[in-house]
Amino acid sequence: MARGQREPMPGLYPVTFGEIELLRDLDRQDGWVLSKDGVPQSYVDLQDPTYLEFEYVRLMADVIDLLPEGALACVHVGGGACTIPRYVAATRSGSRHIVLEPDGLLVNLIREQLDLRSVPRLKVIVQGGREGTAKVWDDSADLLVLDAFSGATMPVELATTEYMGDIARVLRPSGTLLINMADGKGLAFARRLVATVQGTFPHVALLAEPGVMRGRRFGNLIVAASRAELPIDQLTRRAAGGLTQARCVYGEALTNFVAGAHPIKDGDAVLAPVPPPAVFG
């Protein structure tokens, strides 16, 4: 923990959009879980930002690790405890971060309790994803991470063709988009979101634990997309060799996965999937 940073205090904290609970990890001295309405939102280890507890975050880190070497210019839509910005800051010195997070009280809480000030070259803009992204310069980001949830549900306004177009504007031609979404039986939302992304980015891959990929259980799926080619072979090996032994679906297999699903457009009546009550205990 940084000099002068006080010890975090577990407990319930009011934020702009409800209430947040901070929980200490009993197995790791400096590990903390950020939870809302019983749903774990973020995990950070204050002494080791390269430690990633959640499976889906490790999959996102696999993609990031395979990007060209050097510092990255990053935009993060959805802040939480800023796990990925901390990871990138630790693994790619000199990287710059813009974090878009609409909950100003949550941002203050993370600054005070989870040492956000220790992350170099990080700027937080208290604004929603659509509004905040619209203010980011053209061709300015190497990486855009879309990991925004309201409870356990992804806002549909961040899953539309129109928003993907604005993300493409912000990303450099070789830039990479990472999306964390959640879905369950049938994967109807996942198929439509992938179709939406494919309408803007020619190179797309989908990563998830096999049971989630088959729609057998509710869980997280990661979309990686770019106008440049993705390192598919390396990504497939990394995903399969990790603790989660995840699958990487791309090309013809991803076309079959989408199976004619229609892209999501602004104004479409789309319901983002909600997890069954038993998922989080």
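Residues numbered from 1 in each chain as written. Predicted model: local features only at pLDDT ≥ 70, side-chain atom pairs only at ≥ 80, totals over all residues. Heavy atoms only, no water.

**Considerations on the sheet that holds strand 5 (residues 73–77)**
Then step 1. Pairing within the open sheet is mixed, and its eight strands lie in the order 7-6-5-8-9-11-10-12. For this open sheet the edge positions go to strand 7 (122–125) and strand 12 (247–250), each flanked by a neighbour on one side alone. Neighbour to neighbour, the strand axes of the sheet diverge by 15 degrees on average, direction disregarded.
Then step 2. As defined by bridge partners, strand 8 (residues 141–146) adjoins strand 9 (residues 171–183) across five bridges and the pair is classed as parallel. (Pairing = 2+ DSSP bridges. Helix = DSSP H or I, 4+ residues; strand = E, 2+ residues; numbered from the N terminus. Axes fitted to C-alpha atoms, helices over the stretch in contact; angles between N-to-C directions.)

**What about unusual backbone geometry?**
Then step 1. For D139, which is not a glycine, the phi torsion comes out positive at approximately 45 degrees.
Then step 2. Tracing the backbone through its elements, the reader meets D139 in the loop between helix 4 (129–133) and strand 8.
Then step 3. By relative accessible area, which is 45% here, D139 ends up partly exposed.
Then step 4. Positive phi, normally seen in glycine, also occurs at A259, with a value near 50 degrees.
Then step 5. Structurally, A259 is set in the segment after helix 9 (251–258).
Then step 6. Of the residues examined, A259 reaches a relative accessible area of 57% and is grouped as exposed. (Buried < 20%, exposed > 50% of the residue type's maximum accessible area, 1.4 Å probe, protein only.)

**Looking at the packing of helix 1 (residues 55–65) against helix 8 (residues 232–241)**
Then step 1. Running from N to C, helix 1 and helix 8 cross one another at 150 degrees; their axes reach a closest spacing of 10 Å. When the axis of helix 1 is compared with that of helix 8, the two are roughly antiparallel. Between helix 1 and helix 8 the crossing geometry is right-handed. Contacts between helix 1 and helix 8 involve L59, D62, V63 and D65 from the former and L235, R238 and A239 from the latter.
Then step 2. Looking at side-chain class alone, the contact of helix 1 with helix 8 contains four nonpolar, no polar and three charged residues. (Parallel < 35°, antiparallel > 145°, perpendicular 65-115°, else oblique. Left-handed = near helix turned anticlockwise from the far one by under 90°. Contact = heavy atoms within 4.5 Å. Nonpolar A, V, L, I, M, F, W, Y, C, P; charged D, E, K, R; others polar.)

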